[in-house]
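Examining the three-dimensional arrangement
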Amino acid sequence: MNVFEKLASSEEMVSPGISACVGCNVELTLRTVMRVLGPNTILAIPPGCMGGVGVVGWDKKSGCKNPVFFPLLDNVASMLAGIKLHYEHRGEHVNVVAFAGDGATVDAGMQCLSGAAERGDKILYICYDNEGYMNTGYQRSGSTTKGAWTSTTPVSPQGKGGKRQNKKDFPMIMAMHDIPYMATCNPAFIPDMVGKVEKAMAVDNGLAFLYIYNPCLTGWGIPSDKSIEVSRMAVDCSFAPLYEVENGRYTLSYTPKKPLRVQEYVSRIKKFSHLGQEEIEALQKLTDTKWQQLQKLCEMD
Amino acid sequence: MPRIEVMNGNKAAATAAALCRPDVIAAYPITPQTPVVEYLTQFAADGIIQSSMSEVESELSAMSVVTGASLAGSRTFTATSSQGLALMYEPYFRASTLRLPIVMAIINREMISPQTLWGGPQDALTVRDAGWLQIYVEDNQEILDTLILAFRLAEDKGVLLPVNICYDGFYLSHMAERVEVPDQETVDSFLPPYVPTHIKLDPKRPMAVDPLTNGNLLTEYRLRHTQGQQRALGLIEELDKEFLERFGRCYGGLIEEYRNEDSDAVLVTMGSMTGVARVAVDQARAQGRKIGLVKLRAIRPFPAQRVAEALAGKKAFGVVDRSVSFGWGTGITFQETRSAMYASGSFMPALPFIGGLGGEDVTIEHMLHAIGCIYAAIDGAAPAGTVWLNKEITAE
């Protein structure tokens, strides 16, 4: 059975009719990972896009067949740690999973997540990174790419502005916690994602972290029929590479056969449309440096 | 068989928590609560308790871990003080509005600024409207006994609310006293295991917890929450009596009265300063003043009826607070007590006193001064505004 047959034959856990934007690749991601995780899963959906579109339910109607709840924006990992302790205390196995945006993960919830990673709480934390507070109108986060327009890093009519700081390299921050499993995913690479969710589920000696790079159509300015195409370009230009770190061992999951320039990727996204050549070159340079670092890490025994 | 031990307030709290067999404990150390965490982790290491322990990275996570565990169905315990309580405010409010029967000891400590770490209930009193039940106690035996009672109260089907047991930092937390520790069997017979029926995250019975909720439904939640608080008024009195039958000790339920039956005026106190107030009442009585004493125990729910009955027909009362209600310029429990009197329709001179802030001593002299002011008010010479005891009578 190939991965698509496997997905097709597993239960759909998310209700039809949740109100995500047309073409949203986060919804696709959530539906995919929940098919893999299955019914024996308690799901935390903090405030963010997937909370906003009704996965925790709306006015007494549930958006998900799993036990599901809103943690606070800043305590996702800690609430899950408590839930997991309860089931461990009773000797019962349950997947305890976060599906959280970058705001809840790299900004407000970072302390709790770092604490849970260090303590080895046996939870699976999935971060969907759409580079900002997208469901409240596209405000910047610590995960927004340098130069990007957001509603709180506006651009003047002369083309000046955008975010002034670098994006946090959050998958690497989590890998450096020496957790048993960290992997990056992308909605254009579903078989890769499914394999990584299965590996993360099997971790029983600490926290597993999955980082999913999800370009946001509405907030970034990408036509809805280009959702998967642009997502793939982020990987093909090595801006958001696919790799995994298992017990300290780094492995590239995918090497682009025809590597793209960052220029080609950002040119497809409206939030970068004001950037000049110099700024795009700086993004290219940072991308090259990080790509080389990653390759070196993957060469190590 | 119960055993007698000399222990400080923090050990009394940890010992009580251990006797209640919590499934999950999460706590982060902060002065003066720190020894509670140390005792509990030691109990776990020694195999005295089987609880799962989480040594969290902050109080935000301490409250979040116990909230998560309670949502899954665990009995949970934590403890904190002042700045730690402030840091956990977000999940603190939510624990009560999710109706989770968490028990948390608050080892009362003054709030900064200025930088301070000594005793005072400003921390817990400031969050009295966050939906928890709050009981303030006077000595180490009362800490131990009331903590055991707190789990029964919290988990009662008619209440289902988290409970704070609050005691003064250093005065109780670090002071050793004789404490009688009940045996496990008696505690078990008083406190059956917790079985959640209202809310539980469980794949065997999936539910969505806290979907986005409209105002009409939220109003219903708030109404029932306040009804749960009101039911706790009666239950605290009942449990106090049941505790007496099983353990041989009781504390008056919502309030404790001392030499109040025949009094013509009343001094109202809370927490560890009450011991000093008793001595002052005895001395004032020896000098011919028929003063009585009311010790507030439950602050949430506030025992308005019991307080009104205790003060009914008196000529005046005064409230000594170790806290400040900013904006009123009085202590916090003064405002609570005066509100209760207004609802009763009984009016008399009411005097606010503030003393012992930042852990300063409240002495017999302070209490006698307060009693003197109350009698001056009866004679028509009430002090203007709040009396700041430690400013009027300074230590030598």
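Remember, predicted model here, so these are calculated numbers, not experimental data.

A closer look at the overall build of chain B
Each helix and strand counted, chain B has 14 helices and 16 strands in total. Its C-alpha atoms give chain B principal-axis dimensions of roughly 70 × 50 × 45 Å. Within chain B, buried positions represent 54% of all 396 residues. Looking at chain B alone, contacts between residues at least 24 apart form 79% of all its contacts between residues at least 6 apart.

Structural notes on the overall build of chain A
Tallying secondary structure elements over chain A gives 12 helices and 8 strands in all. On C-alpha atoms alone, chain A measures out to a radius of gyration of 18 Å, which is about the 19 Å that the 2.2 N^0.38 rule sets for 301 residues. Taken over the C-alpha atoms alone, chain A extends approximately 60 × 50 × 40 Å along its principal axes. By the burial criterion, 53% of the 301 residues in chain A qualify as buried.

Describing the sheet that holds strand β7 (residues 243–246) of chain A
The strand order across the open sheet formed by 9 strands is β8(A)-β7(A)-β5(A)-β6(A)-β4(A)-β3(A)-β1(A)-β2(A)-β9(B), and the pairing between neighbours is mixed. Both outer strands of the open sheet, β8 (249–252) of chain A together with β9 (208–209) of chain B, are each paired with one neighbouring strand and no more. Bridging between strand β5 (residues 181–185) of chain A and β7 of chain A involves 3 bridges; their strand directions are antiparallel. Paired with Ala183 of chain A across the two strands is Glu244 of chain A, which belongs to β7 of chain A. Here helix α4 (residues 76–89) of chain A sits on the sheet and contacts β1 (41–44), β3 (95–101) and β4 (124–129) of chain A; the angle it forms with β3 of chain A, its principal contact strand, is near 170°.

Notes on the environment of Ala265 of chain B
All names here are of chain B. Structurally, the position occupied by Ala265 is in strand β11 (residues 265–270). On the basis of neighbour counts, which here come to 23 C-beta atoms within 10 Å, the residue Ala265 falls in the buried class. A C-alpha to C-alpha distance of 41 Å links Ala265 and Glu90, two positions 175 residues apart in sequence. Those residues in contact with Ala265 that lie beyond four places of it in its chain are Ile291, Lys314, Lys315, Ala316, Phe317, Ile374, Tyr375 and Ile378.

Concerning the interface of chain A and chain B
Between chain A and chain B, the residue contacts involve 35 residues of the former and 34 residues of the latter. Residue contributions to the side of chain A that touches chain B peak at 11 residues, all from α4 of chain A. For the side of chain A that touches chain B, a count of residues per class yields 18 nonpolar, 12 polar and 5 charged.

What to know about unusual backbone geometry
Residues and elements named next belong to chain B. With an omega dihedral of 5°, the bond running from Ile112 to Ser113 counts as a cis peptide bond. Of note, Ser113 is situated in the loop between β5 (103–108) and α6 (122–126). Along the chain, Ser113 connects to Pro114 via a cis peptide bond; the corresponding omega equals -10°. Structurally, Pro114 is set in the loop between β5 and α6.

Focus: the packing of helix α2 (residues 25–37) of chain A against helix α8 (residues 190–202) of chain A
Residue and element names in this part refer to chain A. Following both chains from N to C, one finds α2 and α8 inclined at 45°, their axes separated by 10 Å at the closest point. In terms of axis orientation, α2 runs oblique to α8. For the element pair α2 and α8, the recorded crossing hand is right-handed. Residues Thr32, Val33, Val36 and Leu37 of α2 touch α8, and the partners they reach there are Ile190, Met193, Val194, Val197, Glu198 and Met201. For the contact of α2 with α8, the class distribution of residues is 8 nonpolar, 1 polar and 1 charged.

Some details on the packing of helix α7 (residues 140–155) of chain B against helix α9 (residues 215–247) of chain B
For any two helices packed against each other, the geometry comes down to the angle between their axes and how far apart the axes lie. All names here are of chain B. The interhelical angle for the contact between α7 and α9, taken along N-to-C directions, is 125°, at an axis separation of 10 Å. Relative to α9, the element α7 lies oblique. Viewed along their axes, α7 and α9 form a crossing whose handedness is right-handed. Within the contact between the two elements, α7 uses Asp145, Leu149, Arg152 and Leu153 and α9 uses Ala232, Leu235, Ile236, Leu239, Phe243 and Phe247. Classifying every residue of the contact of α7 with α9 by side-chain character gives 8 nonpolar, no polar and 2 charged.

Observations regarding the sheet that holds strand β10 (residues 255–258) of chain B
Residue and element names in this part refer to chain B. Ordered by their spatial adjacency, 6 strands build an open sheet running β10-β12-β11-β14-β15-β16, and the pairing between neighbours is mixed. Both edges of this open sheet fall to β10 and β16 (387–388), since each of them pairs with a single strand only. With 4 bridges joining them, β10 and strand β12 (residues 291–296) adopt antiparallel strand pairing. For Ile255, the partnering residue across the bridge sits in β12 and is Leu296.

Concerning the nonpolar core
Membership of the largest hydrophobic core comes to 222 residues, with the highest contact counts inside it found for Ala98 and Ile126 of chain A together with Leu147, Leu153 and Leu267 of chain B. Top element by residues in this core is α7 of chain B. It accounts for 9 residues. Counting contributing residues, this core receives three or more from each of domain 1 (3–247) and domain 2 (257–392) of chain B. The contact partners of Ala98 of chain A, leaving out residues within four places of it in the chain, are Ala44, Val76, Ala77, Leu80, Ile123, Tyr125 and Ile126 of chain A.

Remarks on the confidence of the model for chain B
Counting all residues, the mean pLDDT for chain B is 97, and 99% of those residues have values of 70 or more. For this predicted complex, the interface confidence comes out at an ipTM of 0.96, alongside a pTM of 0.97.

Examining the domain arrangement of chain B
Residue and element names in this part refer to chain B. Splitting chain B by domain gives domain 1 (3–247) and domain 2 (257–392). Distance between the C-alpha centres of domain 1 and domain 2: 28 Å. At the junction of the two partners, domain 1 supplies 25 residues and domain 2 supplies 21 residues. Contributing elements (two or more residues each) for the side of domain 1 that touches domain 2: α6, β6 (133–136), β7 (163–168) and α9. Per-element tally for the side of domain 1 that touches domain 2: the top contributor is α9, with 5 residues.

Re helix α12 (residues 332–344) of chain B
With 13 residues, α12 of chain B extends 19 Å from end C-alpha to end C-alpha; this agrees with the ideal 18 Å at 1.5 Å per step. Listed in full, the buried residues belonging to α12 of chain B are Ile332, Thr333, Phe334, Glu336, Thr337 and Ala340 of chain B.

A look at α2 of chain A
Residues and elements named next belong to chain A. Across its 13 residues, α2 extends 18 Å between first and last C-alpha, which sits within 8% of the 18 Å expected from 1.5 Å per residue. In terms of burial, α2 is largely enclosed, as 10 of its 13 residues are buried. Restricting attention to buried positions, one finds in α2 the residues Asn25, Val26, Glu27, Thr29, Leu30, Thr32, Val33, Met34, Val36 and Leu37. Phi turns positive, to about 80°, at Gly38, one or two residues after α2.

What counts, and at which threshold
Residues numbered from 1 in each chain as written. Chains lettered and ligands numbered in written order. Predicted model: local features only at pLDDT ≥ 70, side-chain atom pairs only at ≥ 80, totals over all residues. Helix = DSSP H or I, 4+ residues; strand = E, 2+ residues; numbered from the N terminus. Buried ≥ 20, exposed ≤ 12 C-beta atoms within 10 Å, placed from the backbone. Contact = placed C-beta atoms within 7 Å. Rg over C-alpha atoms; globule rule 2.2 N^0.38 Å. Pairing = 2+ DSSP bridges. Axes fitted to C-alpha atoms, helices over the stretch in contact; angles between N-to-C directions. Nonpolar A, V, L, I, M, F, W, Y, C, P; charged D, E, K, R; others polar. Parallel < 35°, antiparallel > 145°, perpendicular 65-115°, else oblique. Left-handed = near helix turned anticlockwise from the far one by under 90°. Core = buried A, V, L, I, M, F, W, Y, C linked by C-beta atoms within 7 Å. Domains from an automatic or database assignment. pLDDT = per-residue confidence, 0-100. Expected span 1.5 Å × (residues − 1).

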